[in-house]
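Reading the structure
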Amino acid sequence: MRKLGRSRAARMMHECCRRAAMGFGHCRALLVLLLLLPVPGAARAGAAALPLVVNTWAFRKATETAWCTLKSGGSELDAVERGCGQCEIEQCDGTVGFGGSPDEHGETTLDAMIMDGNTMEVGAVADLRRIKNAIGVARKVIQHTKHTLLVGESASFFAESMGFQCEDLTTQNSLSIYLRWLNQSCQPNYWKNVIPDASKSCGPYKQAKQFNSEEWINSQRRINIHNHDTIGMIVIGTSGNVAVGTSTNGAVHKMQGRVGDAPIAGAGAYADSTAGGAAATGDGDIMMRFLPSYQAVEYMRTGTDPTIACQKVISRIRKYAPFFFGAVICANTTGSYGAACNKVPGFTRFPFMVYSPMLNHSSEQVVDCI
């Protein structure tokens, strides 16, 4: 029966039905067997789900760049690097790459990370200055150092030694954002328990004599929820190899020296080729405390569906920070994927991009926040 062609099986089904109508009861067994014949391609649906590219937000060109890299013979790490790098070039949503999210001194700095799920190697940079291709520098950390994370001026010097061009990351747009902020008495900002009152004026600040434990809860409501976007990307090859990466210019008006979740393995993203990959986006100062990407991968390792894994890590963070802005994408090594986000005013749905053979094109998908 396994060798029957589809057309021949159909003919046998027709003949058997004709005979059954005439009272040939012995055809029942044959009917059951014919109904169990596989439809061509259906048995390999799981295999057809790979390779897979998933990334946060509707950054379509980044998805397509990563996919084309894979299809042209590039590795999973190549796909992550070029996909995230495309967003750095395009300045996706003003929150990735140069010319966006100026810090409280008006400077744009970059964070990025890339991780190999086969070797568990990580390369990352944070507070990177004057270098546009942050994800490229992160890849060089893996290739040319025994370290994991380089920061600040030292990261920039390393990048220059690797041949990256030194450029001004400030643009007219980022300068305008900074000047408007100054004219609004530096609101919102990330200071608390200082004098003068950071909710009403600019610094310089000094620590207040009395500590107000309620100020952080109130500050969550004041921060713009759209100031924390990041591209996080998961790439899984046809053989199940997993790589992930992130790139961002961080929270707008952040304090100088601030490092968010994006360059932290397990927080911004995590990959393990024995289980899957995950990446996060949102308020990194809160999300990094819970290592959501690592936790999501560990849930998937135990067989948890990717969507449920994402929801569980979002729910865990919400117990401590109910107003946090954030989302997580997850994918396992069979090609199943999912996403989840925390529902807050102004953020009730989360878009993300997917490319796989089953879709045959890049697809924007949207999940309702929980």
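Predicted, not measured: the structure shown is a model, and the values here were computed from it.

If you tally the helices and strands in the protein, you get twelve helices and 14 strands. Across the 370 residues in the protein, those meeting the buried criterion constitute 52%. When contacts within the protein are restricted to residue pairs at least 6 apart in sequence, those whose partners lie at least 24 apart make up 62%. When the accessible area of the protein is evaluated, it comes to approximately 17100 Å², of which 53% is carbon and sulfur surface.

With an omega of 5°, the peptide bond running from Leu50 to Pro51 counts as cis. Residues Ile195 and Pro196 are joined by a peptide bond in cis, for which omega reads -5°. Structurally, the position occupied by Pro196 is in the loop between β5 (194-195) and β6 (206-207). A positive phi angle, close to 55°, is found at Gln91, a residue other than glycine.

Applying the stated criterion across every chain yields a total of eleven salt bridges. One salt bridge in this structure joins Arg129 and Asp127, with 3.6 Å as the shortest N-O distance. Close ionic contact of Asp285 with Arg258 constitutes a salt bridge, the shortest N to O distance being 3.0 Å. Remark: Arg258 occurs in the loop between β8 (242-248) and β9 (269-272) and Asp285 occurs in helix α10 (residues 284-287); sequence separation between them is 27 residues. Both residues of the pair, Asp285 and Arg258, belong to the buried class. Through salt bridges with shared partners, a single ionic network connects Glu107, Asp127, Arg129, Arg130 and Glu153.

Here we come to the packing of helix α6 (residues 134-144) against helix α7 (residues 152-161). The N-to-C vectors of α6 and α7 enclose an angle of 80°; their axes lie 10 Å apart at closest approach. With respect to their mutual orientation, α6 and α7 come out roughly perpendicular. Between α6 and α7, the residues in contact are Val137, Lys140 and Val141 and Ala155, Phe158 and Ala159, respectively. Its residues placed into classes, the contact of α6 with α7 shows five nonpolar, no polar and one charged.

The next subject is the sheet that holds β9. In space, the four strands of this open sheet follow the order β9-β10-β11-β12, with antiparallel pairing throughout. This sheet does not close on itself; its edge strands, each paired only once, are β9 and β12 (337-341). On average, each strand axis in the sheet is inclined to that of its neighbour by 10°, with strand direction left out of account. In this sheet, β12 lies alongside strand β11 (residues 326-332) in antiparallel orientation, the contact comprising five bridges. Pairing of Ala327 across the sheet is with Cys341, part of β12. Most of the contacts of helix α11 (residues 292-301) go to strand β10 (residues 276-282), to which it runs at about 150°, and overall it touches β9, β10 and β11.

Right, let's talk about the packing of aromatic side chains for a bit. One pass over the structure, following the stated rule, counts eleven aromatic pairs. Ring centres of Trp191 and Tyr205 lie 4.9 Å apart, and the angle between their planes is 45°; on these two criteria the pair is classed as tilted. With Trp191 in the loop between α8 (172-183) and β5 and Tyr205 in the loop between β5 and β6, the pair connects residues that are 14 residues apart, well separated along the chain. The class of Trp191 is partly exposed, set by a relative accessible area of 25%. Under the relative-accessibility criterion, Tyr205 is labelled buried at 16%. These aromatic residues form a ring-pair network of at least three members: Trp57, Phe325, Tyr337, Phe347, Phe350 and Phe352. Lying across the ring of Phe98, Lys132 places its NZ or CZ 4.0 Å from the centre.

Rules used throughout
Residues numbered from 1 in each chain as written. Predicted model: local features only at pLDDT ≥ 70, side-chain atom pairs only at ≥ 80, totals over all residues. Heavy atoms only, no water. Helix = DSSP H or I, 4+ residues; strand = E, 2+ residues; numbered from the N terminus. Buried < 20%, exposed > 50% of the residue type's maximum accessible area, 1.4 Å probe, protein only. Contact = heavy atoms within 4.5 Å. Areas by Shrake-Rupley, 256 points an atom, 1.4 Å probe, with all protein chains shown as cover. Salt bridge = Lys/Arg side-chain N within 4 Å of Asp/Glu carboxyl O. Axes fitted to C-alpha atoms, helices over the stretch in contact; angles between N-to-C directions. Parallel < 35°, antiparallel > 145°, perpendicular 65-115°, else oblique. Nonpolar A, V, L, I, M, F, W, Y, C, P; charged D, E, K, R; others polar. Pairing = 2+ DSSP bridges. Phe/Tyr/Trp six-rings, centres within 6.5 Å; stacked < 30°, edge-to-face > 60°. Lys NZ or Arg CZ within 6 Å of the ring centre and 35° of its normal.

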